[in-house]
Every structure is written in structure tokens, then in C-alpha cells.
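Take a look at the letters that make up each chain.
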Amino acid sequence: MDHFLYRSGELYAEDVRVADIAATVGAPFYVYSAATLKRHYELFDQALDGTEHLVCYAMKSNSNLAVIKLLGDLGAGMDVVSGGEYRRAIAAGVPGSRIVFSGIGKTREEMTLALKGGIRQFNVESEPEMQALSEIASSLGIDAPITIRVNPDVDAKTHEKIATGKSENKFGIPISRAREVYALAASLPGLNVVGIDVHIGSQLVNLEPFELAYQKVAELTEVLRADGHEIKRLDLGGGLGIPYERSNSAPPLPLDYGDLIKRTVGHLGCEIEIEPGRLISGNAGLLVSEVIYVKSGEDREFLILDAAMNDLIRPAMYGAHHDIVPVVEPAPGEEPAKYDIVGPVCESGDTFAKERVMPSMKAGELVAFRSAGAYGAVMASEYNSRPLIPEVLVQGDHFGVIRPRPTFDEMLNRDTIPSWL
């Protein structure tokens, strides 16, 4: 569900005409719906009703300060994977007691930052990381709360670049070695083992892989408790997918996911953490772009947009699909057209869709990429010296720019020419 709907033939973001935003900030731009963000967070929170739990938003999906503050004010925790994300969470008013620090390459500087600023837990991914954290926490006179991320060797049945729970993936420790690694953690000073962490991948569209992974976690919990470890918290990761193609069947609902969690690990008496990102922010955002040209090729028509792969890299990186719709609906009975939809970057990979059937478009008209709120702006770059595009947040009948487009002077002034040139 989202709050981007047509009214009288025009696309609205909540109660604001998308065309009005374009007239104010200029295309291309991202626009997010506060109502959709709120609704999606609440779906996960309600799905775990009856259990002690914390929904930690995976900030890597969309880390704009306004988005973080909106969710933090609702009570969300934050899942961060870098010192920069930690600083963003703190800057948005989220207390350290609701921040979980994940990621396989935490530096000593990042560990120190989080220990001094406050942290709910570190999700530790390796023995070298554990030893480094032990040394830093001991030197500061602090006990670092940790879970250990186990790799359950479960195929998430998702794109290979976003699968994280198979034995060949770089994440976590093999679940077969969990007992010895937990024994090491218990022997190290400055560490307080509080639970188990698992995350098997992103954009999962059925629940079976989750069930297999969580059953293994439940079994491991009993084994580790028998070994004398106090396992009071289970971090079950995120990864529930969204319907990028509206014509396809919808992925499972958060309510179904919550029922699965209760069925597989609910009997253990543990506090549950989940870390959804894409399902909270994905359908809460559009990328809006203007048609520059319609170009006739040898055997196809090209729709050339002012947005490019540097603004939304998912299609180039993953072959990802986004529904692309006109901001103004076509007249009834108008014949559709077929386009290769491309951007202006000098790469053949700067292609959003091939042979996409959609309403006939003309230069100057606007299109909207649906489901662009996750892994869009956060993965953008200034390739080809193209400025990062604005981000806009809508709430009801008003909107605000939450990240402005930098000027070319601001971009140029970040570079420095050495005095000897």
C-alpha cells in the first residue's frame, strides 16, 4: 500500500500534486510519503503484538534525517552499518539504547564512537571483530552488549547480490561453529553476550527461507542456554520483499511474517528484534523525472529521461524492475507505446527498462518510478558530474525539501587543486 494515487487524471503524493512539486524543485527528484512510512512501520509493530520486541529500521535503505526522525519519533529503533549511519541516527534524535550496530567491517573508531555515544548492541560477525571490540570496551571500562551473527546456510531465493545467509556469503560465522565462538565471547573481557543475530538476505518474497533459518536459531538458542549462555534477545534481521511489479502476486504481509516469528521462536521467551528497511521505505517513495527527448532508433523508440543510473542504480546493478508511470494519465482509448527507457549518462548500462509498454509520452512530460524509496537516493552518486537530486517529504497537503540539490559551485568547491599545478 502507498499514498501515491491518481485524482482526476493526475498523480498525487498524499494530498499534493506531483506536478506542483516538480514545478517548485525541478526534475528529477525523489518524493516520500510520511503517511506510507508511518503505516509500514506500524504494520511491523502490530505484527509482533503480544511479544517483547523492537522494530529497528534498516537505515541503509533510506537514511535521510527526516525519514529517520519520523520513524524514530514513532518508537522505531535503528539498524546501522557504519559510523556515519550511527551519527545520522543520533542527529535525528534516536537514543543509543535503540541503535543496533551491524556490518562485517566495523572499525575500531566506529566501535569507540558507539560505545561512548551509547548502543543497544553490536551484531558481531567474526572472531577478529570480537577481539577488537573486547579490547576497546575494556580500555573504556564499558561492557559492550553483543549478539553474534550466525550464518545458517539457508538459500534466501533472492538475487545473488543481496543473499547473505548461504555458506559462501561473507556474513556471520558458520552456525556449525557457534558453540565455540560463543565460548570465546564468554571468555573475553568487556563483552556481554545478550543474544543471537541472523539475517539471510533482502527482497524475500516467500516465508519458507525465514522459517528454515528461524528453526535453526531456535535450536541453537536451546543449545547455547544448555552451555550456560544467557540468550535473552533474538535479532532476526529483515529482508521481507515488496511488490516492484504491480502485476505480480504480492509478497507475504508483515502480519504473516509476525505469525511465523511467533510460531518458530515465540516459545523461547526472548525479546525479538527485526530490521526491516525496504518494506518500510520502498513503496513510500517515487523518483520523478522529465522526458528530455523521444528518439527513434533502428528498431525501437527511446524515451530519454533527465534521471539517470547515478540517481537510481538498481536497474543497472541488479537488473531491477520499477513500474514507470506517467504523472498525467493518458486520455481514455489512447494507444500505448513501447520504449527503451534510458538516462543521459554515457553508459549503455544507463537503461531503466527495455521494450516497456506504457502510454505514449512527449518531451517535457513527467514520469514517476514507483517503489523508489529504498536503495535509491542512498546509492546515488555524482557520476558524469551530475548533482545529487533533491529529496522531498510530503505530509498531508504540504511538502518540504529534505535534501536540496547542490549547486555546481558547491560541487566544484569540494575539489582542491594543489598549489604546484
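Everything below is about the structure shown above.
Residues numbered from 1 in each chain as written. Predicted model: local features only at pLDDT ≥ 70, side-chain atom pairs only at ≥ 80, totals over all residues. Heavy atoms only, no water.

(A) Spotlight on unusual backbone geometry. The omega angle of the peptide bond from A27 to P28 is -5 degrees, so this bond is cis rather than trans. Position of P28 among the secondary structure elements: in the loop between α1 (18-25) and β4 (29-33). (Helix = DSSP H or I, 4+ residues; strand = E, 2+ residues; numbered from the N terminus.)

(B) Representation of the side chain of N123 within the structure. Assignment of secondary structure puts N123 in strand β8 (residues 121-124). Since its relative accessible area comes to 0%, N123 is described here as buried. (Buried < 20%, exposed > 50% of the residue type's maximum accessible area, 1.4 Å probe, protein only.)

(C) Spatial organisation of the pattern of salt bridges. If you walk through the whole model with that rule in mind, you get 23 salt bridges. As a salt-bridge pair, D2 and R370 come within 3.7 Å of each other at their nearest N and O atoms. In this pair, D2 is assigned in the segment before β1 (4-7) and R370 in the loop between β19 (366-369) and β20 (391-395), connecting sequence segments 368 residues apart. Both residues of the pair, D2 and R370, belong to the buried class. The salt bridge partner of D15 is R7, with a shortest N-O separation of 2.6 Å. The exposure class of R7 is partly exposed, given its relative accessible area of 38%. (Salt bridge = Lys/Arg side-chain N within 4 Å of Asp/Glu carboxyl O.)

(D) Focus on the side chain of E129. One can find E129 in helix α6 (residues 127-140). For E129, the contacting residues outside a window of four places in its chain are G103, I104, K106, M111, N123 and V124. (Contact = heavy atoms within 4.5 Å.)

(E) Here's a closer look at the packing of aromatic side chains. Tallied over the entire structure, the rule returns seven aromatic pairs. Ring plane angle 85 degrees and centroid distance 6.4 Å describe the contact between F44 and Y257, whose orientation is recorded as edge-to-face. Linking F44 in helix α2 (residues 34-47) with Y257 in helix α9 (residues 254-265), this pair joins segments that are 213 residues apart in sequence. Take F44 and Y257: they sit in the same class, and that class is buried. On the basis of an interplanar angle of 35 degrees and a centroid distance of 5.8 Å, the ring pair of F210 and Y214 is categorised as tilted. Of the two residues, F210 and Y214 both sit in helix α8 (residues 208-226), four residues apart, roughly one turn of that helix. We note that F210, like Y214, is buried. Ring pairs connect the aromatic residues F44, F210, Y214 and Y257, which therefore count as one cluster. Lying over the aromatic face of Y12, R7 brings its terminal NZ or CZ to 4.7 Å of the ring centre. Just above the ring of F302 sits the side chain of K295; from NZ or CZ to the centre is 5.9 Å. (Phe/Tyr/Trp six-rings, centres within 6.5 Å; stacked < 30°, edge-to-face > 60°. Lys NZ or Arg CZ within 6 Å of the ring centre and 35° of its normal.)

(F) Region of the structure containing the sheet that holds strand β2 (residues 10-13). Read across the sheet, three strands follow the order β1-β2-β3 without closing on themselves; strand pairing throughout is antiparallel. Of all strands in the sheet, those with a lone pairing partner are β1 and β3 (16-17), marking the two edges. (Pairing = 2+ DSSP bridges.)

(G) Representation of helix α4 (residues 83-91). Burial in α4 covers these residues: G83, E85, Y86 and A89. Burial along α4 is one-sided: seen end-on, the buried residues are contained in an arc of 160 degrees. Away from the buried face of α4 by more than 90 degrees, exposed residues R87 and A91 are located. Each element contacted by the buried residues of α4 is listed here: α3 (65-73), β6 (77-80), β7 (99-101) and α5 (108-117). Backbone geometry just after α4 places G93 at a positive phi near 95 degrees. (Arc of directions from axis to C-beta.)

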